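As a plain string of letters, each chain reads:
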Amino acid sequence: MKRILTIAALALMAASAMAQSDAEPFKGNLSNDEYKVYINFDFHGSGINVPGHEILGQLPGYLAKQRNSFYWLITSAKIVGKDKAEIELINDYGSEDLTATLTIKDDSTYVLTQGDGSALKVPNDGKWQKLPQKLVLKKK
């Protein structure tokens, strides 16, 4: 009897975890292996602490370069449909900012499209690398 109850409880927890991720499509981790960048974000809830920038408090998220401490901070995010969010970003120096949209293409593919403002640039081997106007990211 205990075994049946345990299995039922585990099945319910697994089902609720999957339903929660479907109910919150603008929350999680996205990455692009070609440019070695990733986005950690939560546009639904309390936000995220940016590593090394905890003094700023909870933010909707950030874009970062793998093996680097440079960040583009997502300062505001507004979900404008079931598959689209408008975001504002600023680099961690505070010298550049831009608006962008994050669009869901399917369960695991998102597209970050740069709008008005500065171009997204990340450090790469001692130089600044511009990211494409439309950056395809995969959900992890």
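Residues numbered from 1 in each chain as written. Predicted model: local features only at pLDDT ≥ 70, side-chain atom pairs only at ≥ 80, totals over all residues. Heavy atoms only, no water.

Participant: Talk me through the sheet that holds strand β1 (residues 27–32); I want residue IDs and the actual numbers.
Facilitator: One closed barrel holds the eight strands; their spatial order is β1-β2-β3-β4-β5-β6-β7-β10, and the pairing between them is antiparallel. Along the sheet, successive strands turn relative to each other by an average axial angle of 30 degrees, direction set aside. With six bridges joining them, strand β6 (residues 97–104) and strand β7 (residues 109–117) adopt antiparallel strand pairing. When the bridges of β7 are listed, L98 appears paired with G117. (Pairing = 2+ DSSP bridges. Helix = DSSP H or I, 4+ residues; strand = E, 2+ residues; numbered from the N terminus. Axes fitted to C-alpha atoms, helices over the stretch in contact; angles between N-to-C directions.)

Participant: Tell me about the pairing of strand β10 (residues 134–139), and name the residues and values.
Facilitator: Where β1 meets β10, two bridges bridge the pair, whose relative direction is antiparallel. When the sheet's bridge partners are listed, S31 is paired in β10 with K138. Two strands pair when backbone bridges link them, and β7 and β10 are joined in this way by five bridges, in the antiparallel orientation. Across the sheet, V111 pairs through a bridge with V136, a residue of β10.

Participant: Describe the confidence of the model for the protein chain, with residues and values.
Facilitator: For the protein chain, mean pLDDT is 87; residues scoring 70 or higher make up 84% of the total. Confidence, read as mean pLDDT per element, is least for helix α1 (residues 2–23) in the protein chain (50) and greatest for β7 (98). (pLDDT = per-residue confidence, 0-100.)

Participant: Go over the packing of aromatic side chains with me, naming the residues and quoting the values.
Facilitator: Given two aromatic rings, one states the distance between the centres and the angle between the planes to describe the pair. Tallied over the entire structure, the rule returns nine aromatic pairs. Aromatic pair Y38 and Y62: ring centres 6.2 Å apart, planes at 75 degrees, arrangement edge-to-face. One end of the pair, Y38, is in strand β2 (residues 37–42); the other, Y62, is in strand β3 (residues 61–65), and 24 residues separate them in sequence. Given the relative accessible area of 24%, Y38 is considered partly exposed. (Phe/Tyr/Trp six-rings, centres within 6.5 Å; stacked < 30°, edge-to-face > 60°. Buried < 20%, exposed > 50% of the residue type's maximum accessible area, 1.4 Å probe, protein only.)

Participant: Give me the pattern of salt bridges: which residues, what numbers.
Facilitator: Opposite charge on two side chains makes pairing possible when the charged atoms of those side chains draw close. Under the counting rule described, the total for this entry stands at two salt bridges. Between K27 and E24 there is a salt bridge whose closest N-O contact spans 3.7 Å. Residue class for K27 comes out partly exposed when judged on its relative accessible area of 35%. Of the charged contacts, one joins K121 and E96 as a salt bridge, the two residues approaching to 3.4 Å between their closest N and O atoms. Residue K121 is located in strand β8 (residues 121–124), and its partner E96 is located in the loop between β5 (84–91) and β6; the two are separated by 25 residues in the primary sequence. Taking relative accessible area as the criterion, K121 reaches 24% and is therefore assigned partly exposed. (Salt bridge = Lys/Arg side-chain N within 4 Å of Asp/Glu carboxyl O.)

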